[in-house]
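Architecture at a glance
What follows is each chain in one-letter form.
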Amino acid sequence: MSLPPLPVSVIGGYLGAGKTTLINKILSEDHGARILVLVNDFGAINIDASLLISAKDDTIELANGCVCCTMGSDLFMAVGDALDRRPRPDHLIIEASGVADPAKIAEVARAEPDLSYAGIVTVVDGLRVRDLLNDPQIGAQIHGQIACADLLIVSKTPLDDAPVSELHEISPVSLIAAEDVRFESILLSNPEFKTLHVGHSHYTSWSHEGAESWRKEDLMALLNARPKALYRVKGHVRGDDGTGMLVQIVGPEVSVTATEQPQRTQFVGIGLADALTADVLSNWSEPYLQATQTLMADTVTG
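These numbers come from a predicted model, not from an experiment.

**A word on the packing of aromatic side chains**
Summed over the entire model, instances satisfying the criterion amount to three aromatic pairs. With centroids separated by 6.2 Å and ring planes inclined at 85°, the aromatic side chains of Trp214 and Phe267 adopt a geometry described as edge-to-face. Separated by 53 residues along the polypeptide, Trp214 in the loop between strand 10 (203-210) and helix 7 (216-224) and Phe267 in strand 14 (residues 265-272) bring together distant segments of the chain. Taken as a pair, Trp214 and Phe267 share a single burial class, namely buried. Clustering of aromatic rings is evident, with ring pairs tying together Trp206, Trp214, Phe267 and Trp284.

**Observations regarding the nonpolar core**
When a protein is soluble and globular, its nonpolar side chains tend to lie buried together. Leu219, Val247 and Phe267 are the most contacted members of the largest nonpolar core, which totals 39 residues. If you tally residues by element for this core, the top one is strand 11 (residues 230-237), at four residues. Once residues within four sequence positions are removed from consideration, Phe267 is found in contact with Trp206, Ser207, His208, Trp214, Leu219, Leu222, Val233, Lys234, Gly235, Val237 and Val247.

**Quick word on the environment of Asp150**
Within the secondary structure layout, Asp150 lies in the loop between helix 5 (139-147) and strand 8 (151-155). For the pair Asp150 and Phe193, spaced 43 residues apart in sequence, the C-alpha separation works out to 8.4 Å. Within the local environment of Asp150, its side chain forms a polar contact with the side chain of Tyr117, the two groups lying 2.5 Å apart. A polar atom in the side chain of Asp150 sits 2.8 Å from the backbone nitrogen of Ile120.

**Digging into the pattern of salt bridges**
For the structure shown, the criterion picks out five salt bridges. When the shortest N-O distance is used, the salt bridge between Arg215 and Asp218 registers 2.7 Å. The exposure class assigned to Asp218 is partly exposed, which follows from its relative accessible area of 22%.

**Details of the confidence of the model for the chain**
Should the pLDDT be low somewhere, the predicted coordinates at that spot are not to be read in detail. Of the residues in the chain, 82% have a pLDDT of 70 or more, and the chain-wide mean is 81. Confidence, expressed as mean pLDDT per element, reaches its minimum in the chain at strand 3 (residues 52-56) with 45 and its maximum at strand 8 with 95. Per-residue pLDDT stays below 50 along residues 41-45; that stretch engages in 15 contacts with residues further than four places along the chain or on separate chains. Low confidence marks residues 295-302, where pLDDT is under 50. Its contacts with residues over four positions away, or in another chain, come to five contacts.

**Thoughts on unusual backbone geometry**
In this chain, Arg86 is followed by Pro87 through a cis amide linkage whose omega measures 0°. Relative to the assigned elements, Pro87 resides in the loop between helix 2 (75-84) and strand 6 (91-95). Within the chain, Lys156 stands out as a residue other than glycine whose phi angle is a positive 70°. With respect to the element layout, Lys156 can be found in the loop between strand 8 and helix 6 (164-170). Here Lys156 falls in the partly exposed class, since its relative accessible area comes to 40%.

Criteria and cut-off values
- Residues numbered from 1 in each chain as written.
- Predicted model: local features only at pLDDT ≥ 70, side-chain atom pairs only at ≥ 80, totals over all residues.
- Heavy atoms only, no water.
- Phe/Tyr/Trp six-rings, centres within 6.5 Å; stacked < 30°, edge-to-face > 60°.
- Helix = DSSP H or I, 4+ residues; strand = E, 2+ residues; numbered from the N terminus.
- Buried < 20%, exposed > 50% of the residue type's maximum accessible area, 1.4 Å probe, protein only.
- Core = buried A, V, L, I, M, F, W, Y, C linked by side-chain atoms within 4.5 Å.
- Contact = heavy atoms within 4.5 Å.
- Polar contact = N/O pair within 3.5 Å; in protein donor to acceptor, adjacent residues only side chain to side chain.
- Salt bridge = Lys/Arg side-chain N within 4 Å of Asp/Glu carboxyl O.
- pLDDT = per-residue confidence, 0-100.

Given below as structure tokens:
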């Protein structure tokens, strides 16, 4: 007996718009659906520990029957794995990376006969979207992510304070405030598949891993001196007092919060390739890293 096509929704939006927060919200609901989430991002999705059954390799199983997997580089292989699962999921959600074209990822639903297109949901940072659209380097990409949407979700501000008219000029679809979203919100009826080809900036990544521990003031000095073109940073940092620090940077916003002490310090970042050259990254980060390593050695030998 053949199964009906598996509905697939793509959740897109620029770096730090709130895609992962939205997915966590959907997964935590008591909706009764078996949802499989494929994550395509340079940082792992964070799932509330109270929902977990198990986590191994690149797969996270939740108590409500939902599953999250890291997509990796081959979308079609990941989709094939999803279709082979038994019991098969009721709905497939693909989280596009912040710099991806959601419309291009959604084409897998048209190419794979066992999938059905269930729409593109684009998450928009209501506080920053005007500035992002006006940015000469990334504005066209932000415009494209909004234009291909079948549903727009506005995060970080009420709809009354969001640039609704500007968003509707780009994509005259429904808007929902992020706090009001439910799984049913993304179950769209007959969404229109839009084929858009929008040029976008090229990006590069930066990462660091080491055994050093940081004082918070030294860590903040590093983060505050970061290159302007470094748009997004995530990290788990060893603290010198035995408490770890979770780093989250989105554009101008810097957040450093206490967390469990990690075994190693790890940073990963992403930014515009033209401006974020190897020399720029080296000139920024190496003096701070060397100072921290020197401090660590002095502490050990002193």
